[in-house]
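A look at the structure
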Amino acid sequence: MQGGFPIAKQETITYTESLRISLSMVKNWSEFHTLLASPAPHVALLDMQRRGTLQEWLPEVHVLFGVPQPPEHHPEIDTGVHTLLVVEQAAKLSGQDPRVVFAALVHDLGKGLTPPDVWPKHTDHETNGVPLVDAVCDRLGVPDDYRKLAVLVCEYHLHSHRLFEMRPGSAIQWMEKTGLLQDSDLRRRFFQSCEADARGRTGFEHREYLGPLLAEKIAEVANGVTDEPTRERWLGTAISAVKKHYAPYHDKENVKAVVRQDNGMAAPSNYGEAPVC
């Protein structure tokens, strides 16, 4: 346990073997990119926080430590700890994709702007965080594709968590507006980041997150029908059906059967509320 964050001994060994730069000497984006692509970036970031170098390199992340969140949604409470948990999950879910890890790292920067007198709530932290993400990207020279994903995740991660609650037309419009409907790589990385956010909470590390399944079904229908009247009719019917079958508030056995049939993958075994992250 370091700084309130649990670190397994093996993780420290993995990190030491995989990352050959000094944590106290990160000087440019290239070195930071190496950190983000390492097997255990959360360990590296924790070490930077402990040494005081995170405050110098990423003060927007440093200030999140000590900022409380609602315990009913975040048993870990501390926003900085949550951020490290999300980074850990992002590396695992994406196969160490540094784009996804970076998006995870900066997704909650807006919570650092919340006045203490309204803690632990963080209303509008998503939109409040976007200028901070842009500022970090400008300062560090972050590549455009990293920035695009990070801004999307910061601004819209709650949309992902609430995708089941959106009307079919609203879901399509949102995915079209953000480019998630058209760009399958962006869509995959976006929902990996959001799944990491949902799992990056103490006790929720193995929760099922069905948003990506619904998003893929929406994209499949929307991109597969070109005739506008037919498209609108099919979208309404198909998306409503997907929501009915996949939503965690519906019959579990039915969900399992549909997931197995439609995706050829293991069916969800447990369900939870959409996180307010």
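Right above here is the structure, for reference.
The structure presented is a predicted model; accordingly, all values stated were derived computationally and were not measured.

1. Digging into the packing of aromatic side chains
Using the criterion set out here, one finds 7 aromatic pairs in the structure. Aromatic rings pair up to connect Trp29, Phe32, Trp57, Phe102 and Tyr146 into one cluster. Over the ring of phenylalanine 204 we find arginine 201; its NZ or CZ atom is 4.0 Å from the centre of that ring.

2. Observations concerning helix H2 (residues 29-36)
Those residues of H2 not exposed but buried are Trp29, Glu31, Phe32, Leu35 and Leu36. All buried residues of H2 lie within an arc of 160° about the axis, which places them on one face of the element. Summarising the contacts, the buried residues of H2 are in contact with helix H3 (41-51), helix H4 (53-57), helix H7 (98-106), helix H8 (125-140) and helix H9 (144-161).

3. What about the environment of proline 98?
Within the secondary structure, proline 98 sits in helix H7. Using a relative accessible area of 10% as the deciding quantity, one classes proline 98 as buried. For the pair proline 98 and leucine 35, spaced 63 residues apart in the sequence, the C-alpha separation amounts to 8.5 Å. With sequence-adjacent residues up to four places away left out, proline 98 is seen in contact with His33, Leu36, Ala37 and Tyr146.

4. Considerations on the pattern of salt bridges
Summed over the entire model, instances satisfying the criterion amount to 14 salt bridges. Close ionic contact of arginine 189 with aspartate 97 constitutes a salt bridge, the shortest N to O distance being 2.7 Å. Of this pair, arginine 189 sits in helix H11 (residues 184-199) while aspartate 97 sits in the loop between helix H6 (79-94) and H7, placing them 92 residues apart in sequence. With a relative accessible area of 19%, arginine 189 lands in the buried category. Residues glutamate 216 and arginine 187 are paired through a salt bridge, measuring 2.8 Å at the closest nitrogen-oxygen approach. A residue pair is termed long-range when its members are at least 10 positions apart, and glutamate 216 in helix H12 (residues 211-224) and arginine 187 in helix H11 qualify at 29 residues. Residue classification places glutamate 216 among the partly exposed positions, given a relative accessible area of 39%.

5. Digging into the packing of helix H10 (residues 168-178) against H12
It is at 11 Å that the axes of H10 and H12 come closest, and there the two elements cross at 85°. Put simply, H10 runs roughly perpendicular to H12. Between H10 and H12, the contacting residues are Ala171, Ile172 and Met175 on the first element and Ala215, Ile218 and Ala222 on the second. Each residue belonging to the contact of H10 with H12 can be placed in one class, and the counts come to 6 nonpolar, no polar and no charged.

6. Section: the nonpolar core
Counting residues in hydrophobic clusters, the biggest one holds 63 residues, and the most contacted among them are Phe102 and Phe190. Among the elements that take part in this core, H9 stands out by supplying 8 residues, more than any other. Contacts of phenylalanine 190, omitting those with residues within four sequence positions, involve Leu149, Leu152, Val153, Tyr156, Ser160, Trp174 and Leu180.

What counts and what doesn't
Residues numbered from 1 in each chain as written. Predicted model: local features only at pLDDT ≥ 70, side-chain atom pairs only at ≥ 80, totals over all residues. Heavy atoms only, no water. Phe/Tyr/Trp six-rings, centres within 6.5 Å; stacked < 30°, edge-to-face > 60°. Lys NZ or Arg CZ within 6 Å of the ring centre and 35° of its normal. Buried < 20%, exposed > 50% of the residue type's maximum accessible area, 1.4 Å probe, protein only. Helix = DSSP H or I, 4+ residues; strand = E, 2+ residues; numbered from the N terminus. Arc of directions from axis to C-beta. Contact = heavy atoms within 4.5 Å. Salt bridge = Lys/Arg side-chain N within 4 Å of Asp/Glu carboxyl O. Axes fitted to C-alpha atoms, helices over the stretch in contact; angles between N-to-C directions. Parallel < 35°, antiparallel > 145°, perpendicular 65-115°, else oblique. Nonpolar A, V, L, I, M, F, W, Y, C, P; charged D, E, K, R; others polar. Core = buried A, V, L, I, M, F, W, Y, C linked by side-chain atoms within 4.5 Å.

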